[in-house]
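# Structural description and commentary
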Amino acid sequence: MPQTEAPAGLTFPSSFTWGTATAAYQIEGAATLDGRTPSIWDTYSRTPGKVRNGDTGDIATDHYHRWREDVAIMADLGVGAYRFSLGWPRIQPTGRGPSVQKGLDFYRRLADELLEKNIQPVATLYHWDLPQELEDAGGWPERATAERFAEYAGLAAEALGDRVRTWITLNEPWCSAFLGYASGVHAPGRTDPVAALRAAHHLNLGHGKAVQALRANLPADAQVSVTLNIHHVRPRSGDERDVDAARRIDALANRVFTGPMLDGAYPEDLLRDTASLTDWSFVQDGDIKEIRQPLDFLGVNYYTPTLVSGGARESSHGSDGHGNSAHSPWPAADDVSFHLPPGSTTAMGWAVDPTGLYDLLLRLKGDFPKLPLLITENGAAFDDYVNPQGEVNDPDRIAYLQGHLAAVHRAIEAGVDVRGYFLWSLLDNFEWGYGYSKRFGAVYVDYPTGKRTPKASARWYADVARTGVVTVPDATPDATKG
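Every value quoted in this text rests on a predicted model; they were computed, and no experiment measured them.

Where helix H9 (residues 193-217) meets helix H10 (residues 240-263), the closest approach of the two axes is 10 Å, and the angle between their N-to-C directions is 35 degrees. Crossing angle aside, the handedness with which H9 passes H10 is right-handed. Residues Leu197, Ala200, Asn204 and His207 of H9 lie in contact with H10, whose contacting residues are Leu252, Val256, Phe257, Pro260 and Met261. Here the residues of the contact of H9 with H10 are counted per class, giving 7 nonpolar, 2 polar and no charged.

Set out below in structure tokens:
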């Protein structure tokens, strides 16, 4: 038979890590079992009108009982790493005091099973599930929460450090601070811009203290970092008002965290921009030194770029991609408008644009040239369904992944030190304020029964993880060029 030409392929380094990711509240369920108490997301999701269809994470995908099945799925995918989050209320229910061994035992069993399958566990300490008792005491706007977080980090590291060698302190602290305390579209649902800025600082402080607690309790070869949803902010035009709007949003979205964590200071322009709201006196002497801790890599979450304009406020796409609210998640930026970039969109209404990921990775290389990067989340939601043959075909997701992995490959060729990629998400799950209406998973979950069905994208990603080669249509690599 004649030989057919192999499809175009992009080969990644042999050391590149292929993984997948989830978060505790989104998949575990078992909300009241084995000593677990409510988190802010339990309270928020049970509040009428806060989550679409009144959905909660009480059962979610029942991962707490079906974890062996889920690890077996990962093994079938051939991934080398699994990023999951620890449920703070499951380990330390009130956010204070000793840990609960049944909660820790769940994560011990999970880590052991992963290692048995040659999958490296990657633990995130905080993926938004603050114990409700700590929120009742003031939550992240209060300094004491940073102290409690460090104590929790030490407990988790002491219990799991012999199994888990890669740790992430916070997932997307921007969402915790600004969606949770400014726009109110995430738990705890507060709408106070000053509280949001205070929360951002105390999340930074909690991160720094947690890094120190982790290093004090982990082996010397453990890897410690943080995951940020770095917004790739673009001005709509070269107009100076649009360019300044992009600068302001970049300060609020990105540099409010990278400044103290990586550069050792809050940006001066951020302090000026928000001076009408606060004098930042909640930043105490010694805080920045505590926050700026050496990191082994930077976790980067990317889904879509952010397009802004300045000047007169326009009616614009709903518009920053973070959910609709009468209250802005952008303190002191009420005159900035957000726009939907051109092109196709996902079921979330987010623009599909791999050039944003490429540009972002190059920016991070320029800003922090010695810091390796991990793509800790990237993926897309589409309106998936099981066809009469029992299959879930999701060509749009495959195309999304092809384009974004081509962007990562191009960044590596340009000299960016990207060490790995974690697909979001392993499973369809509770998508925060959207409930179960949005499906990000490589594996379809029938929520009434819990049945798992790998989608076509799961089989595609399994080939990538097995070979380290991303097959792309001829046009896809060019599509990543800005």
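Moving on from the model shown.
Looking now at H9. The end-to-end C-alpha distance of H9, which contains 25 residues, comes to 36 Å, matching closely the 36 Å that a straight helix rising 1.5 Å per residue would cover. Of all 25 residues in H9, 18 are buried, a share of seventy percent or more. The residue sitting at the N-terminus of H9 and contributing the capping side-chain oxygen is aspartate 192; that oxygen lies 3.0 Å from the backbone nitrogen of valine 194.

Once that is clear, we can look at the layout of surface pockets. Taken as a whole, the largest pocket spans an internal volume of roughly 720 Å³. Among the residues forming the lining of the largest pocket, the class breakdown is 19 nonpolar, 20 polar and 5 charged. In this structure, the second largest pocket encloses a volume near 400 Å³. For the lining of the second largest pocket, the secondary-structure elements that each account for two or more residues are strand S4 (120-126) and strand S12 (418-424). Residue composition of the lining of the second largest pocket, grouped by class: 12 nonpolar, 6 polar and 4 charged.

The next thing to look at is the environment of alanine 31. Structurally, the position occupied by alanine 31 is in the loop between helix H1 (24-27) and helix H2 (40-45). Considering only alpha carbons, one finds alanine 31 and threonine 124, 93 residues apart in sequence, at a separation of 19 Å. Once residues lying within four places of it in the same chain are set aside, the contact partners of alanine 31 are Arg36, Asp42, Arg46 and Asp58.

Cut-off values and rules
- Residues numbered from 1 in each chain as written.
- Predicted model: local features only at pLDDT ≥ 70, side-chain atom pairs only at ≥ 80, totals over all residues.
- Heavy atoms only, no water.
- Axes fitted to C-alpha atoms, helices over the stretch in contact; angles between N-to-C directions.
- Helix = DSSP H or I, 4+ residues; strand = E, 2+ residues; numbered from the N terminus.
- Left-handed = near helix turned anticlockwise from the far one by under 90°.
- Contact = heavy atoms within 4.5 Å.
- Nonpolar A, V, L, I, M, F, W, Y, C, P; charged D, E, K, R; others polar.
- Expected span 1.5 Å × (residues − 1).
- Buried < 20%, exposed > 50% of the residue type's maximum accessible area, 1.4 Å probe, protein only.
- Polar contact = N/O pair within 3.5 Å; in protein donor to acceptor, adjacent residues only side chain to side chain.
- 1 Å grid on protein atoms, 1.4 Å probe; cavity = no way out; pocket = protein on both sides within 12 Å on 5 of 7 lines; lining within 4 Å.
- Points joined across faces, edges and corners; volume = space filled by probe spheres on them.

Function cannot be read off these values alone, since they describe shape.
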